[in-house]
Amino acid sequence: MGGIVDRKNEHISICLEEDVESGRAPGLGRWRLDYRALPELNLDEVDLTTQLLGRALRAPLLIGAMTGGSEEAGRINRVLAEAAQRCAIGFAMGSGRVAIERPEAMASFQVRDLAPDALIFANLGAIQFNYGLEAEDANHLVREMGADAINLHLNPLQEAIQPGGDTDFSGLLDRLAGVVEKIEAPVLFKEVGSGIGASTARDLAKLSVAGLETAGVGGTSWARVEALRQPEDRAQFAGNALAGLGVPTAESIIACREALGEDRLVVASGGIRTIEHMGTALALGANAVASARPFLEAAQGGVEEVVTLIEHYIHALRVLHFACGARTPLDLRGRLVEAPG
Ligand SMILES: Cc1cc2nc3c(=O)[nH]c(=O)nc-3n(C[C@H](O)[C@H](O)[C@H](O)COP(=O)(O)O)c2cc1C
């Protein structure tokens, strides 16, 4: 076991055992969904089926990017992948950098046999392309994992809280422009819980990206997670002090949609904890919603527990669509009323 593998296990245990919430709301409560006492629709007609990156999903739901690298992480990935396959939703894996540094760690990401039809995302830290990674490393991960697409995460706040973190973000956008051209799978950029704001979304939209995932403020805070891992007082102070810094999920959805237009994907994530959050995120323009930590908790109970959670989500989301008179997620777009106070 070494540094990067221990870090993966620490992230999992901290996220399961400690309070790692940002302490701020995702901003989705500014609206309420436009409930219709006369929906003029048969519940049986509601159709949540969504085509995403060449895969058919039963509902626009994704298990957010979390883990890989250690034995425990591999067990979690297998549980989540099997549940995603059974429920026909998407599944994103955590950063694969560990598998580039230690090829023996790749097995913990190899779940395609358990999820032959699921939409699967590989993942790498975008900052690593300023520290020696090349597009070929991303292509290698995608091939080895049998992934459909890759998420490149942006995490300046998280890196800056870690003593010795990778904090040289200078010139990264230009570097990424060249890298993305050479990646042989669709690329999405995501944050890790501090959100993508309007100017960043516009910069990223200039690259040939398939989409953006908000990972906004309102849920798990990686400043908070890192604060809990650090022995150093000033790192603990900074992580807790800045746990709420960033772009709330609702604002990030609007910014990403505006920057990308209608042709590219917006995945809403960061503090998606309720069915109304999911509905509001879709109504604001997201193509799909992702939730991370709630699935980590469910994965502790095994595949059946994750399947039950997803089935409950899908059923409730169908009922929400019906009660708002929306036959499909696209019909739900804009069905929002500004909620006073
Ligand atoms: C245990 C754990 C590990 C994570 N590791 C990664 C990662 O490797 N790459 C990444 O892009 N995001 C990672 N994330 C961030 C999530 O994908 C997500 O953006 C963030 O947790 C906010 O979503 P949530 O509020 O639903 O948890 C991780 C989250 C958790 C809980």
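The preceding data block contains the structure.
These numbers were taken from a predicted model, which means no experiment stands behind them.

Peer 1: Explain the overall build of the protein here, please?
Peer 2: Of the regular secondary structure elements, the protein holds 14 helices and twelve strands. Its C-alpha radius of gyration of 19 Å places the protein within 12% of the 20 Å reference for a compact globule of 341 residues. With the C-alpha coordinates of the protein rotated into their principal frame, the extents come out at 60 × 45 × 40 Å. Relative to its 341 residues, the protein shows a buried fraction of 59%.

Peer 1: Even after reading the chapter, I still don't get the site of the ligand, so can you show me in this structure?
Peer 2: The immediate surroundings of the ligand are formed by 20 residues, with Ala65, Met66, Ser95, Thr220 and Arg273 found nearest. The contact in question runs from an oxygen atom of the ligand to an N or O atom on the backbone of Gly271, over 2.9 Å. Relative to its unbound accessible surface of 610 Å², the ligand loses 96% to contact with the protein. Here the residues of the shell around the ligand are counted per class, giving eight nonpolar, nine polar and three charged.

Peer 1: Mind showing me how you'd approach the side chain of Ser22 here?
Peer 2: Residue position: Ser22 is located in the loop between helix H1 (3–17) and strand S1 (31–33). Within the structure, Ser22 has its side chain in polar contact with the backbone nitrogen of Arg24 (distance 3.1 Å). Beyond its immediate stretch of four places on either side in the chain, Ser22 contacts Val217, Gly218, Gly219, Ser221, Arg224, Ala243 and Gly244.

Peer 1: Explain unusual backbone geometry here, please?
Peer 2: Residues other than glycine predominantly adopt negative phi, and peptide bonds predominantly adopt the trans conformation. Even without a glycine there, the phi angle at Glu40 is positive, about 55°. Looking at the element boundaries, Glu40 is found in the loop between S1 and strand S2 (50–52). Here Glu40 falls in the exposed class, since its relative accessible area comes to 69%. The backbone of Leu53 shows a phi angle near 50°, a positive value even though the residue is not glycine. Summarising the element assignment, Leu53 is placed in the loop between S2 and strand S3 (55–57). Taking relative accessible area as the criterion, Leu53 reaches 25% and is therefore assigned partly exposed.

Peer 1: Looking at this model, I keep getting lost on the pattern of salt bridges. Mind explaining?
Peer 2: Note on pairing: side chains with opposite charge can pair once their charged atoms come close. Inspection of every chain in the model, using the stated rule, returns 20 salt bridges. Close ionic contact of Glu21 with Arg273 constitutes a salt bridge, the shortest N to O distance being 3.4 Å. Residue Glu21 is found in the loop between H1 and S1, and its partner Arg273 is found in the loop between strand S10 (265–269) and helix H11 (275–283); the two are separated by 252 residues along the sequence. Residue Glu21 is classed as partly exposed on the basis of its relative accessible area, which comes to 24%. Arg273 sits in the partly exposed class, given a relative accessible area of 28%. Between Arg229 and Glu226 there is a salt bridge, and its shortest N-O distance comes to 2.6 Å.

Peer 1: Help me out: how do you make sense of the pairing of strand S11 (residues 288–291) in this one?
Peer 2: In summary, the side chains of a regular strand alternate between the two faces of the sheet. Residue alternation in S11 divides its side chains into two sets, Ala288 and Ala290 and Val289 and Ser291, and both sets are buried. In this structure, strand S4 (residues 61–63) lies alongside S11, joined through three bridges in parallel fashion. In the strand pairing of S11, Leu62 is matched with Ala290. Bridging between S10 and S11 involves three bridges; their strand directions are parallel. Across the sheet, the residue bridging to Ser269 is Ala290, located in S11. Chirality of the crossover, the property in question, places the unit of S10, H11 and S11 among those that are right-handed.

Peer 1: Teacher, can you tell me more about the side chain of Ser70 here?
Peer 2: Position of Ser70 among the secondary structure elements: in the loop between S4 and helix H2 (71–87). Once residues within four sequence positions are removed from consideration, Ser70 is found in contact with Val5, Asn9 and Ser108.

Peer 1: Looking at this model, I keep getting lost on the nonpolar core. Mind explaining?
Peer 2: Counting 100 residues, the largest nonpolar core has Leu61, Ile150, Leu152, Phe189, Val306 and Ile310 as the members making the most contacts within it. Aside from chain neighbours lying at most four places away, what touches Leu61 is Ile89, Gly90, Met278, Val289, Tyr313, Ile314 and Leu317. With 14 residues, the next largest nonpolar core counts Leu62, Phe121, Ala210 and Leu265 among its residues.

Peer 1: Hey, could you run me through the packing of helix H7 (residues 198–205) against helix H10 (residues 249–260) in this one?
Peer 2: When two helices pack together, their arrangement is given by the angle between the helix axes and the distance between those axes. Here H7 crosses H10 at 30°, and the two axes come no closer than 8 Å. Relative to H10, H7 is oriented so that their crossing is right-handed. When H7 is examined against H10, the residues Ala198, Ala201, Arg202 and Ala205 are found in contact with a partner set consisting of Ala255, Cys256, Ala259 and Leu260. Looking at the contact of H7 with H10 residue by residue, the classes come out as seven nonpolar, no polar and one charged.

Peer 1: What is the right way to read the environment of Ala268 from this model?
Peer 2: By the element assignment, Ala268 lies in strand S10. Judged by its relative accessible area of 0%, Ala268 falls in the buried class. For the pair Ala268 and Phe109, spaced 159 residues apart in sequence, the C-alpha separation works out to 24 Å. Here Ala268 is in contact with Thr214, Ile253, Ala281, Ala286, Ala288, Val289 and Ala290, once residues within four sequence places are set aside.

Thresholds, definitions, all that
Residues numbered from 1 in each chain as written. Predicted model: local features only at pLDDT ≥ 70, side-chain atom pairs only at ≥ 80, totals over all residues. Heavy atoms only, no water. Helix = DSSP H or I, 4+ residues; strand = E, 2+ residues; numbered from the N terminus. Rg over C-alpha atoms; globule rule 2.2 N^0.38 Å. Buried < 20%, exposed > 50% of the residue type's maximum accessible area, 1.4 Å probe, protein only. Near = heavy atom within 4 Å. Polar contact = N/O pair within 3.5 Å; in protein donor to acceptor, adjacent residues only side chain to side chain. Areas by Shrake-Rupley, 256 points an atom, 1.4 Å probe, with all protein chains shown as cover. Nonpolar A, V, L, I, M, F, W, Y, C, P; charged D, E, K, R; others polar. Contact = heavy atoms within 4.5 Å. Salt bridge = Lys/Arg side-chain N within 4 Å of Asp/Glu carboxyl O. Pairing = 2+ DSSP bridges. Right-handed = clockwise from strand over helix to strand, strands pointing away. Core = buried A, V, L, I, M, F, W, Y, C linked by side-chain atoms within 4.5 Å. Axes fitted to C-alpha atoms, helices over the stretch in contact; angles between N-to-C directions. Left-handed = near helix turned anticlockwise from the far one by under 90°.

In short, geometric facts, not functional conclusions.
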